[in-house]
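Residue strings, one per chain:
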Amino acid sequence: ALFTVGDYLAERLAQIGIRHHFIVPGDYNLILLDKLEAHPSLTEVGCTNELNCSLAAEGYARACGVGVCVVTYSVGAFSAFNGIGSAYAENLPVILVSGAPNTNDVDQHLLHHTLGEHDFIYQLEMAKRITCCAIAIRRAAHAPELIDRAIRTALLKRKPVYIEVPTNLSGEACAQPGPISAVVKPFPSDAPALDAAVTGASEFLRAKQKPVILVGPKVRRVGAEKALLQLVEAIGCAVVLQPAAKGSFPEDHTQFAGIFWGQVSTLAADTIVNWADVLICIGTVFTDYSTVGWTSLPSVPQLVADIDSVALANPNMYFSHVQLQDFLIRLAEAVSWNSCTMTEYNRLRPDPALGQASSGQERLTRKEVARQTQLLLTPETTVFTETGDSWFNGIQLCLPPGAEFEIEMQWGHIGWTIPASFGYALAKPERRTILMTGDGAFQMTAQEVSQMVRCRLPIIILLINNRGYTIEIEIHDGLYNRIQNWNYALLVEAFNSEDGGGRALGLKAHTAEEISEALKRAIAHKDGPTLIECSIHQDDCSRELITWGHFVAAANSRVPAKDK
Ligand SMILES: C/C(NCc1cnc(C)nc1N)=C(/S)[C@H](O)COP(=O)(O)OP(=O)(O)O
Ligand SMILES: [Mg+2]
């Protein structure tokens, strides 16, 4: 049989570990979809819209390192761009594949699903701005080089890429691919830079007394968790995590000192950071949200180890092409033991305050939802927390060893948890996936619950219904923060159809006893998702949200600088 452009793409996707590709069909990508579906290692997963399709691929990439979504031109791709923005912000290699007009029509005719002008490069131009590599195949002969280039760049940079495939090229003859090693082999660190960075860093640290390690979200993105553990156990110092890094370091480790998030830190992590005289920042990202409106930027010299570079504060030096993994392992061999911040932290560590159980009949509270969620966690659990007060409830959870935690703090698209957990659960069906989401967020992407039903994924959705956009209310209130209240439990059961698929279970909980019952039923329900609508008072939000919201609002409302 003829080996085609579509076959080339399918083979490369399978060779980098993709087993599910997320799609929404359109007449510009149907032949391509045939080729992908024909590959024995690929399973096509339909999504209800392209926003959810791209976010499902983002969630899939969190589970197995890379994801792919296939959409039609413009009407599909423009929605998918939002999930690609998330992948870019979150350092996830998601491959966006868009069908495109027939090459004979380019610059000749006006076509549907376009802006209605003789312009056929606007989408490629847009994609260039939100990916690390964007290519459009114009001739079948160019497909191998272009496809390999895009995939290799995505894996090296841990960023999304864009591949545009005209509808009449997917079935055209194409060369067969060479070894996948040419596409996936990583860049080694530059040896002299690595040596100099390690020497400089160990001398810099020797001159300090109180080191603390601050772990950021990028460590997981390059698979450097084990290398981090080596450095942690070579120094013996206190280790704190940025909120978006939760899940990157075992919370039962003796050196774990909490989530550092300024005044809304957990376990007094901010106290030990304030006591340190040097912060070893590994894969960190400092934004307005992660620094509580700039109120908790590091105030001591830092050693900054990023995805492929190292920066020292004194002497002020920068080393490029130093892979994080290599640097951490080499530094672990070079540093000397210094556990004084761990000793100090053990003096000030707060006693674990186990929440008081509410009595059965009491009105359900946020605290009770968080307390009962904590009881659900097992080593096989993965918790997805949504932008909203769920962030703060999730960050407070104590993860048992093996439990995983996913958060989208950089992009912060409300509704992300539903499609992203759907994609994730397809890649890791053996795990128990639990979402903590809000009523506003759920309204953004609720359709994807129907794909959880179709794929029989027993995802547990804890929908905290506080009647509105509470984060926004705490930052700055207005009528715009009110939303239409839905019957969420009834809605998800509307996705159940007589002709096949699993079953969604919709439950409501207004008291401590009802959520306890609902969780038991959710655990037992295996043939599809369970949504539990947890109805709490509109003003029942975490104290951390109120503090954090206050300072973020202050940061948002700074007057323009004079000289701007
Ligand atoms: C509207 C918005 N952010 C702005 C926003 C708007 N649009 C998208 C796609 N993403 C966003 N983060 C946010 S955080 C709401 O408070 C979320 O409300 P909800 O899901 O109900 O959660 P809380 O009640 O806990 O805040
Ligand atoms: Mg809400």
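Rules and cut-offs
Residues numbered from 1 in each chain as written. Chains lettered and ligands numbered in written order. Predicted model: local features only at pLDDT ≥ 70, side-chain atom pairs only at ≥ 80, totals over all residues. Heavy atoms only, no water. Donors = N, O, S within 2.8 Å, 3.2 Å for Na, K, Ca; no water. Buried < 20%, exposed > 50% of the residue type's maximum accessible area, 1.4 Å probe, protein only. Pairing = 2+ DSSP bridges. Helix = DSSP H or I, 4+ residues; strand = E, 2+ residues; numbered from the N terminus. Right-handed = clockwise from strand over helix to strand, strands pointing away. Axes fitted to C-alpha atoms, helices over the stretch in contact; angles between N-to-C directions. Contact = heavy atoms within 4.5 Å. Core = buried A, V, L, I, M, F, W, Y, C linked by side-chain atoms within 4.5 Å. Near = heavy atom within 4 Å. Polar contact = N/O pair within 3.5 Å; in protein donor to acceptor, adjacent residues only side chain to side chain. Areas by Shrake-Rupley, 256 points an atom, 1.4 Å probe, with all protein chains shown as cover. 1 Å grid on protein atoms, 1.4 Å probe; cavity = no way out; pocket = protein on both sides within 12 Å on 5 of 7 lines; lining within 4 Å. Points joined across faces, edges and corners; volume = space filled by probe spheres on them. Nonpolar A, V, L, I, M, F, W, Y, C, P; charged D, E, K, R; others polar. Patch = residues over 30% accessible without salt bridge, like charges linked within 9 Å, V, L, I, M, F, W, Y side chains within 5 Å. Salt bridge = Lys/Arg side-chain N within 4 Å of Asp/Glu carboxyl O. Phe/Tyr/Trp six-rings, centres within 6.5 Å; stacked < 30°, edge-to-face > 60°. Lys NZ or Arg CZ within 6 Å of the ring centre and 35° of its normal.

A. Molecular detail of the coordination of the magnesium ion (ligand 2). The coordination sphere of the magnesium ion (ligand 2), as far as protein atoms go, consists of Asp439 (OD), Asn466 (OD1) and Gly468 (O), spread over 2.0 to 2.1 Å. On the basis of relative accessibility, which here comes to 5%, the residue Gly468 falls in the buried class.

B. Broad picture of the pairing of strand β2 (residues 43-46). Bridge count between strand β1 (residues 20-23) and β2: four bridges; the pairing is parallel. Opposite Phe22, over in β2, you have Val45 as the bridge partner. With helix α2 (residues 30-38) bridging β1 and its parallel neighbour β2, the resulting β-α-β unit is right-handed.

C. Summary view of the sheet that holds strand β18 (residues 505-509). Reading across the sheet, the six strands line up as β15-β14-β16-β17-β19-β18 and stay open at both edges, with parallel pairing between neighbours. If you trace the sheet from one side to the other, it starts and ends with β15 (404-407) and β18, each paired once. With strand direction ignored, the average angle separating the axes of adjacent strands in the sheet is 20 degrees. Where strand β14 (residues 381-385) meets strand β16 (residues 432-438), five bridges bridge the pair, whose relative direction is parallel. Residue pairing for β16: Phe384 is matched across the bridge by Leu435. Packed on one face of the sheet, helix α16 (residues 417-427) meets β14, β15 and β16 and runs near 175 degrees to β16.

D. Up close: the nonpolar core. Judged by nonpolar contacts, the single largest core of 86 residues is most densely connected at Phe22, Ile95 and Ile137. If you tally residues by element for this core, the top one is helix α3 (residues 50-64), at eight residues. Ile137 has contacts with Val5, Ala143, Leu146, Ile147, Ile163, Glu164, Val165, Pro166 and Leu169, leaving out every residue within four places of it along the chain. Core analysis: the second largest hydrophobic core is formed by 61 residues, Ala197, Val215, Trp391 and Leu399 among them.

E. Structural context of the site of ligand 1. With respect to spatial proximity, 17 residues lie near ligand 1, and among them Asp389, Asp439, Ala441, Ile471 and Glu472 are the closest. Taking Ala441, its main chain carries an N or O atom lying 2.7 Å from an oxygen atom of ligand 1. Between ligand 1 and Gly468 there is a distance of 2.9 Å, counted from an oxygen atom to a backbone nitrogen or oxygen. Against a free-state accessible area of 590 Å², the protein chains account for coverage of 81% of ligand 1. Those elements that place two or more of their residues in the shell around ligand 1 are α17 (439-445) and α19 (470-475).

F. Local environment of the layout of surface pockets. Put simply, the second largest pocket is a space of about 650 Å³. Lining the second largest pocket are 23 residues, and of these Leu156, Arg158, Val222, Ile307 and Gln323 sit closest to its centre. Taken together, the elements giving at least two residues each to the lining of the second largest pocket come down to α6 (143-157), α7 (181-184) and α12 (324-334). By residue class, the composition of the lining of the second largest pocket is ten nonpolar, five polar and eight charged.

G. Representation of the sheet that holds strand β7 (residues 211-215) in the model. Strand order in the open sheet formed by seven strands is β9-β8-β7-β10-β11-β12-β13, with mixed pairing between adjacent strands. Strands with a single pairing partner mark the edges of an open sheet, and in this sheet they are β9 (256-259) and β13 (317-320). Strand-to-strand twist of the sheet, defined as the mean angle between neighbouring strand axes without regard to direction, takes the value 15 degrees. In this sheet, strand β11 (residues 302-305) lies alongside strand β10 (residues 278-282) in parallel orientation, the contact comprising four bridges. Residue pairing in the sheet places Ile282 in a bridge with Ala305 of β11.

H. Region of the structure containing a nonpolar patch on the surface. Among the surface-exposed residues, Phe78, Leu115 and Met126 lie close enough to one another that they form a single nonpolar patch of about 270 Å² accessible area. Tracing the chain through its elements places Met126 in helix α5 (residues 122-129).

I. A look at the packing of aromatic side chains. Here the structure, examined in full by the defined rule, presents 16 aromatic pairs. Ring centres 4.6 Å apart and planes at 75 degrees place the aromatic pair Tyr289 and Trp548 in the edge-to-face group. One end of the pair, Tyr289, is in the loop between β10 and β11; the other, Trp548, is in helix α22 (residues 543-556), and 259 residues separate them in sequence. Trp548 sits in the buried class, given a relative accessible area of 0%. Geometrically, the ring pair formed by Trp391 and Trp548 is edge-to-face, given 6.1 Å between the ring centres and 85 degrees between the ring planes. Here Trp391 is found in helix α15 (residues 389-395), whereas its partner Trp548 is found in helix α22, with 157 residues between them in sequence. The exposure classification of Trp391 matches that of Trp548, with both residues buried. Taken together, the ring pairs connect Tyr28, Tyr73, Phe78, Phe81 and Tyr122 into an aromatic cluster. Between Lys210 and the ring centre of Trp275, over which it is positioned, the NZ or CZ distance is 4.6 Å. Lys246 extends its terminal NZ or CZ atom over the ring of Phe405, reaching a point 5.6 Å from the ring centre.

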